[in-house]
Amino acid sequence: MSAKLKVKNSKWTGRIALAALFLNFTLLTFNLDAEVATNSTPTQPERAPETPRDFYNAGTRKLQENKLREAEAYLETSLARQDGAVQPAALYNLGHVRFAQGSELLEKAPQSSRVTAGAQSAVSYGAAALQEIETAQQSRQLDSMVRAYLHGRGARKDLNSAMKAIRRALETYGEVLGKWNRCLGDFQGAAELNLANHKARGNADIVCRHIAKLIDQIRMMQQAMMAAAQMQQELGEKLQQLRGQIPDDAMPPGAPGDGEEEDEMPNGLQPGMQEGPSKQGEEQSISPEEAGQILNGFRLDGDRRLPMGGDQPGKPDDPNRKTW
Amino acid sequence: MKACSHISQRDPFVVALQAAMLLLVAQIGFSAGGDFHAGLNAYRSGDCPRAAEVWSKHSQLQPASGTFINLGLAEWHLGRRGPAVLAWERALWVDPFNADARENLRFARKAAQLEAPTLTWFEAASLWLPINAWALVAGISLWAAVAFVTLPRILRWRRANWQQALAAAGFAIFLLCLPSLYGINTRSRLGIVLEKETELRLTPTRSAQTMMLLPAGQPARWERARGEYLLIRTGYGQGWIERSQLGLVCPK
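Values in this document were obtained by computation on a predicted structure and should not be read as measured data.

**Digging into the overall build of chain A**
Next, step 1: In terms of helices and strands, chain A carries nine helices and three strands.
Next, step 2: Counting from the amino terminus, helix and strand elements in chain A follow one another as β-α-β-β-α-α-α-α-α-α-α-α.
Next, step 3: A buried classification covers 40% of the 324 residues belonging to chain A.
Next, step 4: In chain A, of all internal contacts separated by at least 6 residues, the share reaching a separation of at least 24 is 75%.
Next, step 5: A total of about 19,600 Å² of accessible surface is found on chain A, and carbon and sulfur atoms cover 52% of it.

Below, the structure written as structure tokens:
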């Protein structure tokens, strides 16, 4: 989706038309027609801003250079100086800065559709594992119960990782929502301070639409996470029931501390034990020798010492020789 | 003669009007006094909301330090720190020598970890006398000085040194009063944040960015107004709050 946001002119005198011709840049899907000019020409050395107008101009310059954090700091300082003449324009540009910050965050975040699909896939895999456990419980065959137990654990691991991914995505989306909410407030404030600023009102509407879309995505992820959590709980209960039915000597290692998947088997699978099949792809068989070579390749150097200088003490360089 | 006859033969309408006004004034005074005691009774019986309501009305009719102190106590018992501190500050505004108000303020600020307003030297000087006393002293000293300069000439008195000395003293007292009068003027901009967790806004807009939350009872100095918002300066910084969230020590 492409929408146009207009950046307000910061120039207090002329040059608007010229600036509008040259300063036209794009931030993600948004075209920013920047008609921003400053009081100083680019060739002059940048002096430290002092007045609210200076801070405003510096902030607008940083916005043009896409240095968003600095732009935000400058514009906020300009606002905090409480100059009624500068405030509406500073607030307007601050809205742009915050929208761009949110967009940047969103770009780096995992796609909500991918994360949701991952969670749904983990849930369906969990449902299959659940079904297998129930069948094994009914058959009361030890082998099938152990197999179902291992599959269940694998499914729970998938659910855990899917939930972690959703949680991470939700955190980022929450940050984006915060930025865009603040951006909405900025545009609305700019329109409130300057009733003639129709661009601010238009931008607020656009941001509103984006926020609505973002909230929809967040809700979808939350629903997927709830479904995954529910499946994880059901699976946990079934696994616990199954543990009670499997004799201790046939129990897979790590089963008594079945709380979390990673701590269950710190030394990996024991001989004779088998991990449940992965959700997709095939397991690669590997010999113990190959495994040993791989592990040696990753050995840490904690026990290696740095070489000493040798038996003889080193001689210092001649201090009287010429320096170059 | 006409004037005399007019005085001696008063218009019955005027007399009735004057009598009605006297009755009204007496009624107000009586009802105000009655209100004060009603508030006292309510406070003693533990009905603090009623006491606060009665004393609040009473203080608007007859601002007095005692009423403000009682109002502050009722508000404090109700857990409304902002209005309590405001009431005691108003008590000090009316009577700067009131030790009870000063003590209550000290206790409240210590208990609620609140700042006291920072006063300039001329504001501190304005606390040496009640507000009306400063106005009275300044007025008397000025007019006395003017009188001692002009009256001997008008009445053709013989010029004497004591007249000059008194005129100089009058002018000096008047000039000494000026910083305090200015201090009273600037002190009238002091206010107290009434509600707890009052948002200090960056801009005077509905959806403004909140810079910090101010505690109830925090002193602030209002600088200017815009619409429904006041620009205030506190010990934490400058920002905007809604008009209803700040109670001025000297209400307009």
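Following the structure, the description resumes.
**Observations concerning the packing of helix H4 (residues 65–77) of chain B against helix H5 (residues 81–94) of chain B**
Residue and element names in this part refer to chain B.
Next, step 1: Contact geometry of H4 with H5 gives a least axis separation of 8 Å together with a crossing angle of 165°. Considered as vectors, H4 and H5 are oriented roughly antiparallel to each other. Two packed elements cross with a definite hand, and for H4 against H5 that hand is left-handed. For the pair H4 and H5, contact is made by Ser65, Phe68, Ile69, Leu71, Gly72, Leu73, Glu75 and Trp76 and by Arg81, Pro83, Ala84, Ala87, Trp88, Arg90, Ala91 and Val94, respectively.
Next, step 2: Its residues assigned to classes, the contact of H4 with H5 comprises eleven nonpolar, two polar and three charged.

**With respect to helix H2 (residues 52–64) of chain A**
Residue and element names in this part refer to chain A.
Next, step 1: The terminal C-alpha atoms of H2 lie 18 Å apart, and with 13 residues this matches the ideal 18 Å at 1.5 Å per residue to within 8%.
Next, step 2: H2 sits mainly inside the fold: eleven of its 13 residues count as buried.
Next, step 3: Asparagine 66, located one to two residues past H2, shows a positive phi value of around 65°.

**Points about the pattern of salt bridges**
Where charged atoms from two side chains of opposite charge approach closely, those side chains can pair.
All names here are of chain B.
Next, step 1: Inspection of every chain in the model, using the stated rule, returns 17 salt bridges over all chains.
Next, step 2: Two residues, arginine 109 and glutamate 89, come together in a salt bridge whose shortest N-O distance is 2.6 Å. Residue arginine 109 is found in helix H6 (residues 99–112), and its partner glutamate 89 is found in helix H5; the two are separated by 20 residues along the sequence. In terms of burial, arginine 109 and glutamate 89 fall into one category: buried.
Next, step 3: Where glutamate 123 meets arginine 221, a salt bridge forms, and the shortest distance between an N and an O atom there is 2.6 Å. Of the two residues, glutamate 123 sits in helix H7 (residues 121–125) while arginine 221 sits in strand E4 (residues 219–226), which places them 98 residues apart along the sequence.
Next, step 4: The exposure class assigned to glutamate 123 is buried, which follows from its relative accessible area of 1%.

**Remarks on the interface of chain A and chain B**
Next, step 1: If you look at the interface, chain A gives 14 residues, while chain B gives 14 residues.
Next, step 2: Roughly 1,100 Å² is buried in total at the junction of chain A and chain B, and carbon and sulfur atoms are behind 46% of that figure.
Next, step 3: Area buried by chain A at its contact with chain B is led by Gln82(A), Glu192(A) and Leu193(A), which between them contribute 51% of it.
Next, step 4: Inspection of the chain A/chain B interface yields zero salt bridges.
Next, step 5: Where chain A touches chain B, the interface holds ten residue pairs in polar contact (both at pLDDT 80 or more).

**Concerning a nonpolar patch on the surface**
Residues and elements named next belong to chain B.
Next, step 1: Together, Leu151, Ile154, Leu155 and Trp157 make up an exposed nonpolar region whose accessible area comes to about 410 Å².
Next, step 2: Relative to the assigned elements, leucine 151 resides in helix H8 (residues 131–154).
Next, step 3: The partly exposed category is assigned to leucine 151, whose relative accessible area is 35%.

**A closer look at the side chain of Ser180(B)**
Residue and element names in this part refer to chain B.
Next, step 1: Mapped onto the elements, serine 180 comes out in helix H9 (residues 161–187).
Next, step 2: The buried category is assigned to serine 180, whose relative accessible area is 2%.
Next, step 3: The residues contacting serine 180, other than those within four sequence positions of it, are Phe122, Ala125, Ser126 and Trp134.

**With respect to the packing of aromatic side chains**
When we look at a pair of aromatic rings, we describe it by the centre distance and by the angle of the planes.
Next, step 1: If you walk through the whole model with that rule in mind, you get ten aromatic pairs over all chains.
Next, step 2: Between the aromatic rings of Tyr92(A) and Phe187(A), the centroid separation amounts to 5.5 Å while the plane-to-plane angle is 70°, which identifies the pairing as edge-to-face. Highlighted residues: Tyr92(A) in helix H4 (residues 87–108) and Phe187(A) in helix H6 (residues 142–193), separated in sequence by 95 residues.
Next, step 3: Phe187(A) sits in the buried class, given a relative accessible area of 0%.
Next, step 4: Ring geometry for Trp121(B) and Phe122(B): centres 5.4 Å apart, planes at 85°, overall edge-to-face.
Next, step 5: By relative accessible area, which is 18% here, Phe122(B) ends up buried.
Next, step 6: Three or more aromatic residues joined by ring pairs form one cluster here, namely Phe36(B), Tyr43(B) and Trp55(B).

**Some remarks on the nonpolar core**
All names here are of chain A.
Next, step 1: Counting 64 residues, the largest nonpolar core has Ile166 and Val207 as the members making the most contacts within it.
Next, step 2: Counting only elements with at least two residues in this core, the list comes to H2, helix H3 (68–80), H4, helix H5 (112–139), H6 and helix H7 (198–245).
Next, step 3: The element best represented in this core is H6, accounting for 22 residues.
Next, step 4: Apart from residues lying up to four places away in sequence, valine 207 is in contact with Phe99, Trp180, Cys183, Leu184 and Phe187.

**Re the confidence of the model for chain B**
Residues and elements named next belong to chain B.
Next, step 1: Within chain B, residue pLDDT values average 85, and 86% of them lie at 70 or more.
Next, step 2: The weakest mean pLDDT in chain B belongs to helix H1 (residues 2–8) at 35; the strongest belongs to strand E5 (residues 229–233) at 95.
Next, step 3: Here residues 1–10 is modelled with pLDDT under 50, and outside its nearest four sequence neighbours on either side it reaches two contacts, counting other chains as well.
Next, step 4: Within the model, the stretch residues 19–30 combines pLDDT values under 50 with one contact to residues more than four positions away or in other chains.
Next, step 5: Interface predicted TM-score (ipTM) for the complex: 0.71; the corresponding pTM is 0.67.

Analysis parameters
- Residues numbered from 1 in each chain as written.
- Chains lettered and ligands numbered in written order.
- Predicted model: local features only at pLDDT ≥ 70, side-chain atom pairs only at ≥ 80, totals over all residues.
- Heavy atoms only, no water.
- Helix = DSSP H or I, 4+ residues; strand = E, 2+ residues; numbered from the N terminus.
- Buried < 20%, exposed > 50% of the residue type's maximum accessible area, 1.4 Å probe, protein only.
- Contact = heavy atoms within 4.5 Å.
- Areas by Shrake-Rupley, 256 points an atom, 1.4 Å probe, with all protein chains shown as cover.
- Axes fitted to C-alpha atoms, helices over the stretch in contact; angles between N-to-C directions.
- Parallel < 35°, antiparallel > 145°, perpendicular 65-115°, else oblique.
- Left-handed = near helix turned anticlockwise from the far one by under 90°.
- Nonpolar A, V, L, I, M, F, W, Y, C, P; charged D, E, K, R; others polar.
- Expected span 1.5 Å × (residues − 1).
- Salt bridge = Lys/Arg side-chain N within 4 Å of Asp/Glu carboxyl O.
- Buried area = accessible area lost by both parts, 1.4 Å probe.
- Polar contact = N/O pair within 3.5 Å; in protein donor to acceptor, adjacent residues only side chain to side chain.
- Patch = residues over 30% accessible without salt bridge, like charges linked within 9 Å, V, L, I, M, F, W, Y side chains within 5 Å.
- Phe/Tyr/Trp six-rings, centres within 6.5 Å; stacked < 30°, edge-to-face > 60°.
- Core = buried A, V, L, I, M, F, W, Y, C linked by side-chain atoms within 4.5 Å.
- pLDDT = per-residue confidence, 0-100.

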